[in-house]
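As a plain string of letters, each chain reads:
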Amino acid sequence: KLELPYNKIRDLSCVSHMPYLIILDASHNELSDFFGFEPPKNLKEVNFSHNHLSVMKDLSTYTSLSKLNLDYNSFSEIRGLEKCSNLIHLSIAHNKISHISGLDKLPLRHLSLRGNLIKKIENLQTLWALQFLDLSYNRIQSLSGLQNLHLLGSINLESNLPFLIVSAVNKYDPPQEVVAARDHMTHVVFQHMQPQVIFDSTLPNLETPYPILVLTGPQACGKREIAHKLCQEFSHYFAYGASHTTRGPYFGEEDCFDYHFVLDEEFQNMIHMGNFVQTIQYGGHWYGLSREAIESVAREGLACCVHMELEGVYSMKHSYFEPRYILLIPTRTDEYISRMKARGLYSKRQIDTAVSRINLYVRVNKEQPGFFDSVIPYNREEAYSTLRQLVQEYLGLEEQGTEVGDSTRTIPDHTPTGKSAPEPYLTTPLQVNRHQNHTSPRPYR
Ligand SMILES: Nc1ncnc2c1ncn2[C@@H]1O[C@H](COP(=O)(O)OP(=O)(O)OP(=O)(O)O)[C@@H](O)[C@H]1O
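Residues numbered from 1 in each chain as written. Predicted model: local features only at pLDDT ≥ 70, side-chain atom pairs only at ≥ 80, totals over all residues. Heavy atoms only, no water.

As annotated in an unreviewed UniProt entry, the chain carries the name Guanylate kinase-like domain-containing protein and is attributed to Electrophorus electricus.

Student: Break down the site of the ligand for me, citing the residues and quoting the values.
Tutor: Not every one of the 19 residues close to the ligand is listed here, only the nearest: Arg224, Arg247, Tyr287, Glu309 and Tyr346. Contact distances for the ligand include 2.5 Å between an oxygen atom and a side-chain N or O atom of glutamate 309. The contact in question runs from an oxygen atom of the ligand to an N or O atom on the side chain of arginine 343, over 3.4 Å. Taken together, the elements giving at least two residues each to the shell around the ligand come down to α3 (223-233), β13 (276-282), β14 (285-290) and β15 (303-308). A class-by-class count of the residues in the shell around the ligand yields nine nonpolar, five polar and five charged. (Near = heavy atom within 4 Å. Polar contact = N/O pair within 3.5 Å; in protein donor to acceptor, adjacent residues only side chain to side chain. Helix = DSSP H or I, 4+ residues; strand = E, 2+ residues; numbered from the N terminus. Nonpolar A, V, L, I, M, F, W, Y, C, P; charged D, E, K, R; others polar.)

Student: Give me the packing of helix α7 (residues 333-343) against helix α8 (residues 348-367): which residues, what numbers.
Tutor: A pair of packed helices is characterised by two quantities: the angle between their axes and the separation of those axes. Interhelical geometry of α7 versus α8 gives an angle of 150° and a closest axis separation of 11 Å. Every pair of crossing elements has a handedness; the one defined by α7 and α8 is right-handed. The segment α7 lies against α8, with Thr333, Tyr336, Ile337, Met340 and Lys341 engaging Gln350, Ile351, Ala354, Val355 and Ile358. (Axes fitted to C-alpha atoms, helices over the stretch in contact; angles between N-to-C directions. Left-handed = near helix turned anticlockwise from the far one by under 90°. Contact = heavy atoms within 4.5 Å.)

Student: Outline the confidence of the model for the chain, listing residues and values.
Tutor: Looking at the chain as a whole, the pLDDT averages 86, with 87% of positions reaching at least 70. Scored below 50 in pLDDT, residues 399-445 makes 88 contacts in the model with residues more than four places away or belonging to other chains. (pLDDT = per-residue confidence, 0-100.)

Student: How would you summarise the sheet that holds strand β1 (residues 2-3) if you had to cite specific residues and measurements?
Tutor: Strand order in this open sheet of eight strands is β1-β2-β3-β4-β5-β6-β7-β8, and the pairing throughout is parallel. Unpaired on one side and paired on the other, β1 and β8 (154-156) mark the two borders of the sheet. Examined bridge by bridge, strand β2 (residues 23-25) and strand β3 (residues 45-47) share three bridges and lie parallel to one another. When the bridges of β3 are listed, isoleucine 23 appears paired with glutamate 45. (Pairing = 2+ DSSP bridges.)

Student: Requested: an account of the environment of leucine 103, with residues and values cited.
Tutor: With respect to the secondary-structure elements, leucine 103 resides in the loop between β5 (89-91) and β6 (110-112). Residues leucine 103 and arginine 79, 24 residues apart in the sequence, show an inter-C-alpha distance of 7.8 Å. Excluding residues within four positions of it along the chain, leucine 103 makes contact with Ile78, Leu81, Leu90, Leu108, Leu111, Leu124 and Leu127.

Student: How would you sum up the environment of histidine 244? Please name residues and give values.
Tutor: Mapped onto the elements, histidine 244 comes out in strand β11 (residues 244-245). As for histidine 244 and tyrosine 259, which are separated by 15 residues in sequence, their C-alpha atoms are 5.5 Å apart. Setting aside anything within four residues of it in sequence, one finds histidine 244 in contact with Tyr259, His260, Val262, Phe267, Met270, Phe276, Trp286, Tyr287, Gly288 and Ser290.

Student: Summarise the packing of α3 against helix α9 (residues 380-395); cite the residues concerned and give the values.
Tutor: Between α3 and α9, whose axes approach to 11 Å, the crossing angle comes to 45°. With respect to α9, the element α3 is oriented oblique. Between α3 and α9 lies a crossing whose hand is right-handed. For the pair formed by α3 and α9, the contact residues are Glu225, Ile226, Lys229, Leu230 and Glu233 on the first element and Arg380, Ala383, Tyr384, Leu387, Arg388 and Val391 on the second. Here the residues of the contact of α3 with α9 are counted per class, giving six nonpolar, no polar and five charged. (Parallel < 35°, antiparallel > 145°, perpendicular 65-115°, else oblique.)

See below:
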């Protein structure tokens, strides 16, 4: 080992007489000749930082070299390293490098190009072993070029251009709108790869989209219970659209009634078969509303009632469905927490997450008026009756004096077996009402 830092050395030819040298520290000197000596056979580590070096030369005879520090010199190009088949640590920070090149297929694990003039991430795809990459203090504007670096665990992009910060956020911590747009795009693409059919929910008139009621709000705020209750009471108008999920059933939950409980593999297959309208990941599990869940309700001539988290709403809003969105929002956090605790299903972390999401819903409602068609403060006694009232008004039941839940009430039979009418929905009160009101404000508001 030879340590010569902080001198005024300009000539290192003496190293030619040290064939067994393994480590050389010649940092903070006045060297301008790059490796100006005969190569010691086993030279592994070299530190030439803080010198006056400007041109890299062929290092093919330095095959043992594993660590090379060239920080604070004047290099403008990386070259001569092609044969350094043991080089795992390379630092060329604070030089004048404008292009990343000359690193093909090196076994580098650590690469620092901090403080150079680099504008583009390029030629890194063959660095299969790369784990740490420092590209801070450059002029990079895009994140493309980082593909295929499967082992990369740490990347520093500090102090590049502001655009990069935006795209980094979009890539690694994307806003909900971006996630939803991506989700929607995925399902549209996979769906288009399937044979195209006319769906039962496709109505002949563009003015009358298929009616869907979406109950949204934070987990366990009561929306599922309310959705079931509504479908039971208004069974002539609504049926429950069960989502698919990869989480296991809780005690008392029924497959196909509460959810379609599936394994992760099946869920992924369904995505690739274009089966979903929207999907989200929540609490480490996948949830998705399948096209078939909607169609099976549509075939009955009924409107579909579903529940979902905010991310699902964002995604649904990209689809061509035009649901009514009702937000159920807990008003008393203490009660909400107690209810979650009483269920005995959730960890403290899950409860904290759910509670923290209340504000998310409140904020969206405040910042985007009209995002939800209606907001119902959730309180166990009153929430259902408020929703019931809204639905009745919407269906025009009060005006018509129709008895809700009266199973003897005559409605057109649109089931596949009941052949009475070729155009489902158009004559159900739900549809008539929407049809009549399509130019006026939505009745839920
Ligand atoms: N297809 C979907 N898209 C988006 N969110 C969904 C979907 N299906 C279910 N969710 C939502 O995912 C969250 C977690 O659902 P899960 O059924 O596991 O929770 P839960 O503890 O039973 O609470 P909840 O009573 O609200 O259903 C709930 O807020 C639920 O509404």
